[in-house]
Amino acid sequence: MVVDDATVVLGIETSCDETAAAIVMGGYDVISSVVSTQVDLHAEFGGVVPEIASRAHLDVLNPVVARAIVEAGVEEERIDAVACTVGPGLIGALLVGVSAAKSLALAWDVPFVGVNHMEAHLYAAFLEDRSLEFPLLVMLVSGGHTMLVEMQDHGRYRLVGQTIDDAAGEAFDKVARFLDLGYPGGPAIEAESAFGDPEAIRFPRAMMDDGYDFSFSGLKTSVMNHVRKNPGVGTADVAASFQAAVVDVLVTKARRAAAEVGATGIVLGGGVAANSLLREELLEACERDGIQGFLPSRAMCTDNAAMIAAAGWHRLRSDGPTPLDVGATPNLRLPFLD
Ligand code: KG4
Ligand code: ZN
């Protein structure tokens with residue numbers, strides 16, 4: 001099969017708490033992108049409940065796919081392949097998307113393409129700026145992941161560093177819960193920080209000068225210890241000081257890693273990339289270092305199916321269709337270079 005600028009891919013994403021479908025042409029042109037979030041369903045539990053996630057995907061996936069096709073204004077016959085996240089993610093949630101994607105591929109007699117969700121995050125930036133040049137340093141910061149990846153070319157990635165305990169978003173969520181700020185924690189901490197002094201408390205910056213790995217669990221413990229020892233402390237000051245510590249570590253390490261790999265720029269991805277302080281400080285650092293800072297829109301940083309369709313297009317071009325016996329794989333890893 002020829003995979004080119006006219007190849008139309010339907011992307012499907014159900015790995016966590018977003019049900020999404022999108023139509024992308026030629027790997028870069030987003031014709032439609034529909035995302036239905038379940039965040040309200042999980043909020044009262046303070047985190048994603050896997051069983052609720054799978055049921056919600058089942059309820060809304062068909063209408064979400066139908067809407068993506070209608071909004072794109074393409075006939076079903078124009079769809080050349082169906083790409084879907086096969087992992088990593090929640091097994092029940094993944095299965096909903098994978099079963100639907102395979103059924104559609106069979107019904108339409110087009111290839112099925114299994115996509116690694118993390119690889120798709122790497123491609124999200126290209127949907128907004130096709131001119132990005134390799135090598136790039138991508139910082140993926142979400143509720144489940146914190147990693148620095150050197151993107152040398154399409155399909156050629158090297159893991160530069162990652163968290164050894166909590167993900168950055170997880171740290172935001174846990175600290176927000178401890179401070180009674182609600183769920184999801186990132187936006188709540190960011191909002192509260194606006195009223196606080198980021199220099200009020202000097203929280204530790206773990207492993208700041210030590211390699212490219214991250215550790216956030218000690219920071220969370222320091223926040224808890226500080227509040228317990230100082231019951232009168234202002235929540236806004238704690239939130240702002242915590243946020244400053246996380247951003248400081250992320251930006252310092254990304255910058256150092258970009259210099260080490262000779263990256264043309266730093267690309268942000270993942271839900272935490274919505275954080276305004278992180279965006280500001282990363283851009284400033286890139287300007288100082290004379291490299292490009294690329295901050296995709298919030299819609300492209302968080303889970304969506306346009307990035308799945310894009311990564312699917314690249315995979316289809318390099319590897320061809322995925323056999324239908326490849327199933328949902330909760331712990332799927334990216335094939336990093338050594
Ligand atoms: O990528 P994402 O939508 O879902 C996955 O984890 O896959 O990321 C969600 C994470 C949550 O931990 C949330 O608290 C965090 O991103 N987040 C933020 C902000 N908005 C979302 N963290 C810091 N500041 C924000 N403004
Ligand atoms: Zn994600």
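Residues numbered from 1 in each chain as written. Chains lettered and ligands numbered in written order. Predicted model: local features only at pLDDT ≥ 70, side-chain atom pairs only at ≥ 80, totals over all residues. Heavy atoms only, no water.

Peer 1: What exactly am I supposed to notice about the overall build of the protein chain here?
Peer 2: Helix and strand content of the protein chain: 11 helices and 10 strands. For a compact globule of 338 residues, the expected C-alpha radius of gyration is about 20 Å, and the protein chain comes in at 20 Å, within 12% of that figure. When the backbone C-alpha atoms are referred to their principal axes, the protein chain occupies close to 65 × 45 × 30 Å. Counting the 338 residues in the protein chain, one finds 52% classified as buried. Considering only residue pairs separated by 6 or more positions, the protein chain has 73% of its internal contacts joining residues 24 or more positions apart. For the protein chain, the accessible area works out to roughly 14200 Å², and carbon and sulfur atoms hold 51% of it. (Helix = DSSP H or I, 4+ residues; strand = E, 2+ residues; numbered from the N terminus. Rg over C-alpha atoms; globule rule 2.2 N^0.38 Å. Buried < 20%, exposed > 50% of the residue type's maximum accessible area, 1.4 Å probe, protein only. Contact = heavy atoms within 4.5 Å. Areas by Shrake-Rupley, 256 points an atom, 1.4 Å probe, with all protein chains shown as cover.)

Peer 1: Any chance you could explain the domain arrangement of the protein chain here in plain terms?
Peer 2: The extent of an interface is frequently quoted as the accessible surface area lost upon association of the parts. What the domain assignment lists for the protein chain is domain 1 (8-123 + 301-319) and domain 2 (132-295). Relative to domain 2, the C-alpha centre of domain 1 lies at a distance of 27 Å. Facing the 18 residues of domain 1 at the interface are 18 residues of domain 2. Summed over both partners, the interface of domain 1 with domain 2 buries about 1400 Å², with 69% contributed by carbon and sulfur atoms. (Domains from an automatic or database assignment. Buried area = accessible area lost by both parts, 1.4 Å probe.)

Peer 1: Quick question: what am I supposed to make of the sheet that holds strand 5 (residues 112-116) here?
Peer 2: Two strands in a sheet stick together by hydrogen bonds in their backbones, pointing the same way (parallel) or opposite ways (antiparallel). On the basis of which strands lie adjacent, the open sheet formed by 5 strands has the order 3-2-1-4-5 and mixed pairing. Here the strands that pair on one side only, and so sit at the sheet edges, are strand 3 (29-37) and strand 5. When strand polarity is set aside, the average angle formed by the axes of neighbouring strands in this sheet is 20°. Of the strand pairs in this sheet, strand 4 (residues 81-87) and strand 5 are connected by 5 bridges, and their pairing is parallel. Directly across from Ala83, in strand 5, lies its bridge partner Val113. (Pairing = 2+ DSSP bridges. Axes fitted to C-alpha atoms, helices over the stretch in contact; angles between N-to-C directions.)

Peer 1: Sorry, what's going on with the packing of helix 5 (residues 168-178) against helix 8 (residues 235-261) here?
Peer 2: What describes two packed helices is the angle between their axes and the distance between those same axes. Running from amino to carboxyl end, helix 5 crosses helix 8 at an angle of 175°, the nearest separation of the two axes being 11 Å. The angle between helix 5 and helix 8 places the two elements in the roughly antiparallel class. When helix 5 is examined against helix 8, the residues Ala168, Ala171, Phe172 and Val175 are found in contact with a partner set consisting of Phe242, Gln243, Val246 and Leu250. The residue inventory of the contact of helix 5 with helix 8, partitioned by class, reads 7 nonpolar, 1 polar and no charged. (Parallel < 35°, antiparallel > 145°, perpendicular 65-115°, else oblique. Nonpolar A, V, L, I, M, F, W, Y, C, P; charged D, E, K, R; others polar.)

Peer 1: Mind showing me how you'd approach the site of ligand 1 here?
Peer 2: Lining the immediate surroundings of ligand 1 are 19 residues, of which Gly143, Asp173, Gly186, Glu190 and Gly271 lie closest. In the environment of ligand 1, an oxygen atom lies 3.5 Å from a nitrogen or oxygen atom belonging to the backbone of Gly144. One of the backbone nitrogen or oxygen atoms of Val272 is found 3.5 Å away from an oxygen atom of ligand 1. Contact with the protein chains covers 87% of the free accessible surface of ligand 1, which is 550 Å². The set of elements that each furnish at least two residues to the shell around ligand 1 consists of helix 5 and helix 6 (185-193). It is helix 6 that contributes the most residues to the shell around ligand 1, 4 residues altogether. (Near = heavy atom within 4 Å. Polar contact = N/O pair within 3.5 Å; in protein donor to acceptor, adjacent residues only side chain to side chain.)

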